[in-house]
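One-letter residues, chain by chain:
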Amino acid sequence: MARMGRYCKAYALQDLRAFEGWTENSQNARKEKKQMDGKEVEIQRELADDSYVYLQENFVVTDGIFIDENILFDNTSPEWVDFCKNSLKFEVPLYDTAQAAGAE
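Quantities reported herein were computed from a predicted structural model and do not represent experimental measurements.

## Here's the deal with the overall build of the protein
Okay, so step 1: In terms of helices and strands, the protein carries three helices and six strands.
Okay, so step 2: In sequence order, the secondary structure elements of the protein are arranged as β-α-β-β-β-β-β-α-α.
Okay, so step 3: The globule rule puts the C-alpha radius of gyration for 104 residues at 13 Å, and the 17 Å found for the protein is more than 25% above it.
Okay, so step 4: Based on the C-alpha atoms only, the size of the protein along its principal axes is roughly 60 × 40 × 25 Å.
Okay, so step 5: When the 104 residues of the protein are sorted by exposure, 29% land in the buried category.
Okay, so step 6: Sequence-distant contacts in the protein: of pairs separated by 6 or more residues, those separated by 24 or more amount to 56%.
Okay, so step 7: Roughly 7,200 Å² of accessible area belongs to the protein as shown, and the carbon and sulfur atoms make up 47% of that amount.
Okay, so step 8: A distance of 3 Å separates the average location of the 12 positive side-chain charges in the protein from that of its 20 negative side-chain charges.

Below is the structure:
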C-alpha cells in the first residue's frame with residue numbers, strides 16, 4: 001500500500017531540471033487513463049517542463065503525493081540537498097504539537 005510522508009511540496013519540473021546532476025526516471029511517471037478506440041487504456045504520463053511533481057521530505061522526487069511510489073529522482077546527494085534548500089528554498093516545516101495543543 002502506498003505510504004504518505006509527513007510533508008511534500010509541488011514544483012514545476014523545469015525548476016528541478018535546473019540541478020546540474022539531475023537524472024530522471026521518466027518510466028516511473030504515473031499512468032493516465034485515456035479513451036482510445038472506445039476503450040479506456042492506461043498510458044505513461046508525458047513529463048514536460050511545466051509538469052508538477054513532488055519533492056518529498058527525504059529529498060526524493062515523485063510523480064504524486066506518495067513518498068514511495070512513482071519515484072522520478074532519488075539521488076539524494078549533499079549537492080542535491082543543498083540545491084533544494086538554497087535554490088528551491090525547500091524546508092520541511094517544524095510543527096510544534098505542544099504549542100498547537102495549547103491553542104485549543
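## Considerations on the pairing of strand β2 (residues 31-36)
If a strand is regular, its side chains alternate between the two faces of the sheet.
Okay, so step 1: The pairing of β2 with strand β3 (residues 39-44) spans six bridges and is classified as antiparallel. Across the sheet, residue M36 finds its bridge partner in β3, namely K39.

## A few points about unusual backbone geometry
A negative phi angle characterises most non-glycine residues, just as the trans form characterises most peptide bonds.
Okay, so step 1: One non-glycine residue with positive phi stands out, namely F59, at about 70°.
Okay, so step 2: Following the sequence through the fold, F59 ends up in the loop between β4 (52-56) and β5 (61-62).
Okay, so step 3: Judged by relative accessible area, F59 falls into the buried class, the value being 14%.
Okay, so step 4: The backbone of K89 shows a phi angle near 60°, a positive value even though the residue is not glycine.
Okay, so step 5: Here K89 is to be found in the loop between α2 (78-86) and α3 (97-102).

## A few points about the side chain of T62
Okay, so step 1: Looking at the secondary structure, you find T62 in strand β5.
Okay, so step 2: Among the residues examined, T62 registers a relative accessible area of 0% and is labelled buried.
Okay, so step 3: A polar contact of 2.6 Å, which involves the side chain of T62, links it to the backbone oxygen of G64.
Okay, so step 4: Aside from chain neighbours lying at most four places away, what touches T62 is V53, Y54, Q56, I67, E69, N70, I71 and L72.

## Quick word on α2
Okay, so step 1: Taken together, the buried positions of α2 are occupied by W80, V81, F83 and C84. An end-on view of α2 places all buried positions within 160° of arc, on one side of the element. For α2, the exposed residues lying more than 90 degrees away from the buried face are P78 and E79.
Okay, so step 2: Looking at the buried residues of α2, the elements they touch are α1 (13-17), β4, β5 and β6 (71-73).

What counts and what doesn't
Residues numbered from 1 in each chain as written. Predicted model: local features only at pLDDT ≥ 70, side-chain atom pairs only at ≥ 80, totals over all residues. Heavy atoms only, no water. Helix = DSSP H or I, 4+ residues; strand = E, 2+ residues; numbered from the N terminus. Rg over C-alpha atoms; globule rule 2.2 N^0.38 Å. Buried < 20%, exposed > 50% of the residue type's maximum accessible area, 1.4 Å probe, protein only. Contact = heavy atoms within 4.5 Å. Areas by Shrake-Rupley, 256 points an atom, 1.4 Å probe, with all protein chains shown as cover. Lys, Arg positive; Asp, Glu negative; His and termini not counted. Charge placed at Lys NZ, Arg CZ, Asp CG, Glu CD. Pairing = 2+ DSSP bridges. Polar contact = N/O pair within 3.5 Å; in protein donor to acceptor, adjacent residues only side chain to side chain. Arc of directions from axis to C-beta.

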